[in-house]
Amino acid sequence: MQVAEAHSFSEWNTLISESFVPLQARTSSPTGFRGRLRSRVLDELSVVEVTANSHKVLRTPALITRSDRLYYKLNLQLSGTGILIQDNREAALRPGDLAVYDTHRPYTLEFDDDFRTLVLMFPHDALDLPADSVAELTAVRMAGDAGIGRMISPFMVQLADNLELLSGPSGHRLAHNAVDLLATLFDSELHSGDGPPQRGHHGELLARIRQHIEANLGDPELSPAAIAAAHFISTRHLHSIFHDAGTTVAGWIRARRLERCRRDLRDPLQADRAVGAIATRWGFTDAAHFSRVFRSAFGVPPSTYRRG
């Protein structure tokens, strides 16, 4: 576990930008400012407890151009209150509340008093939900005392209180379990009558199709024709639904398979499993093809990525 403290506001501005993504911090009371980060970095997941005096953080369009990787950040308010603004929405967060935001679009976080919060930062493709669906939830308050949030919020609080335990194989699994739990929470919010606007018939059908794909990623016979048949629609209609969502059927399947392979390659509990076996597990039957598409997606061959 890493602990970093700032004893001036300029130090804090530098610290948070180096620990997350480039940010701009502002405060009306820079004198005597104190801030502390306790963090665990597990593969591409960062789990960070933030404790600081009141201030504002901005992610501006200019700062966004300095980052290539697409990340989400999940905030769990632990003490104090906060306001998150993104996509013309504003979420007022009390202790126990959660909210998600996208580092690839401008946002503002404001804390009017001393506060403590847990931030989980992870790549877009770590979620088994499409970006267009998550975009409906940015800056939406997800209550920690209602619905599924009542179960997930305490788990996240325990992560914050036990960061020193997030190490080795168990820590790796716990961090990824947290992301999987958040995907469940997000999906629940998207389908809740009290949540953001519903996505309509096509949106609900697309969600079911994506769930079907996720459950069958390991099947090498998974194809547009098979998926369409399982949902009693034409292949043409299937392609149209994905086109309207800004992607393709084959592209979505490939991206989800690659993410599962990427996760397994960095999982200490999978260290003894051959790269080819991991690829086959997630539906890649041609080793050379898998190596090519993995390198195209992540910049290095799978064997090199595993050693990274």
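Anything mentioned here points back to the structure above.
Here is what the cut-offs are and how they apply
By convention here, each chain's residues receive numbers from 1 onward along its written sequence. Local features in this predicted model are restricted to residues of pLDDT 70 or higher, and side-chain atom pairs are both shown and tallied only at a pLDDT of 80 or more, whereas totals for entire chains, interfaces and linings draw on every residue. Here the side-chain values reflect all heavy atoms present in the structure, with hydrogen atoms and water set aside. Each helix is a run of H or I in the DSSP string that is no shorter than four residues. Each strand is a run of E no shorter than two, and both are numbered from the N terminus. Only C-alpha atoms enter the radius of gyration, while the globule expectation follows 2.2 Å times N to the 0.38, with N the number of residues. Exposed residues in this analysis have more than 50% of their type's maximum accessible area, buried residues have under 20%, and partly exposed residues fall in between, with area computed by a 1.4 Å probe over protein chains only. Throughout, a residue-residue contact means that at least one pair of heavy atoms, one from each residue, lies within 4.5 Å. Only the protein chains shown count as cover for residues, with accessible areas throughout obtained via the Shrake-Rupley method and a probe of 1.4 Å. When charges are counted, Lys and Arg are positive and Asp and Glu negative, with His and the chain ends excluded. A charge is said to be at NZ when it belongs to Lys, at CZ for Arg, at CG for Asp and at CD for Glu. The pairing criterion for strands is at least two bridges between them, as found by DSSP. Orientation is described by lines fitted to C-alpha atoms, with helices fitted over the stretch in contact, and by angles between N-to-C directions that extend from 0 to 180 degrees. Any angle that falls under 35 degrees is termed roughly parallel, while one over 145 is termed roughly antiparallel, one within 65 to 115 roughly perpendicular, and all others oblique. Left-handed is the label given to a crossing in which the near helix is rotated counterclockwise from the far helix by less than a right angle, and right-handed is the label when the rotation is clockwise. For this classification, the nonpolar set comprises Ala, Val, Leu, Ile, Met, Phe, Trp, Tyr, Cys and Pro, the charged set comprises Asp, Glu, Lys and Arg, and every other residue, Gly included, is treated as polar. Side-chain atoms within 4.5 Å are what join buried Ala, Val, Leu, Ile, Met, Phe, Trp, Tyr and Cys residues into a set we call a nonpolar core.

1. Regarding the overall build of the chain
Assigned secondary structure in the chain consists of 12 helices and 11 strands. Radius of gyration (C-alpha) of the chain: 20 Å, near the 19 Å computed for a compact globule of 308 residues. Looking at the 308 residues of the chain, the share that counts as buried comes to 48%. Contacts in the chain between residues far apart in sequence, at least 24 positions, make up 72% of those at least 6 positions apart. Total accessible area on the chain stands at roughly 14,000 Å², and carbon and sulfur atoms take up 52% of it. Here the chain contributes 34 positively and 36 negatively charged side chains, and the mean placements of these two sets differ by 4 Å.

2. Let's talk about the pairing of strand E10 (residues 107-111)
Most of E10 is tucked away, with four of its five residues classed as buried. Here strand E5 (residues 55-59) pairs with E10 via five bridges, running antiparallel. Directly across from Val 57, in E10, lies its bridge partner Leu 109. Pairing between strand E7 (residues 82-86) and E10: three bridges, direction antiparallel. The residue bridging Ile 85 from the neighbouring strand is Thr 108, located in E10.

3. Overview of the packing of helix H5 (residues 168-190) against helix H9 (residues 249-266)
Where H5 contacts H9, the two axes come as close as 11 Å, and the packing angle between them is 155°. The angle between H5 and H9 places the two elements in the roughly antiparallel class. The crossing of H5 and H9 is right-handed. Along its contact with H5, which presents His 172, His 176 and Asp 180, the element H9 presents Arg 262, Arg 263 and Arg 266. A breakdown of the residues in the contact of H5 with H9 according to their chemical character gives no nonpolar, two polar and four charged.

4. Quick word on the nonpolar core
The nonpolar side chains of soluble globular proteins are, as a tendency, buried together. If you look at the biggest cluster of nonpolar residues, it comprises 32 residues, and the most contacted ones within it are Leu 74, Leu 120, Phe 122, Met 156, Leu 182 and Phe 186. The leading source of residues in this core is H5, at eight residues. In this structure Phe 186 touches Leu 74, Val 100, Leu 127, Leu 129, Leu 137 and Met 142, once residues within four positions along its chain are discounted. Counting 28 residues, the second-largest nonpolar core is a separate cluster that includes Trp 12, Val 48, Ala 99 and Phe 111.

5. Examining the pairing of strand E11 (residues 115-123)
Summarising burial for E11: eight of the nine residues are buried, a large majority. Sheet analysis places strand E4 (residues 45-52) next to E11, joined by seven bridges and oriented antiparallel. Paired with Val 48 across the two strands is Val 119, which belongs to E11. Alignment of strand E6 (residues 71-79) against E11, held across eight bridges, turns out to be antiparallel. Looking at the pairing, Leu 76 lines up with Leu 118 of E11.

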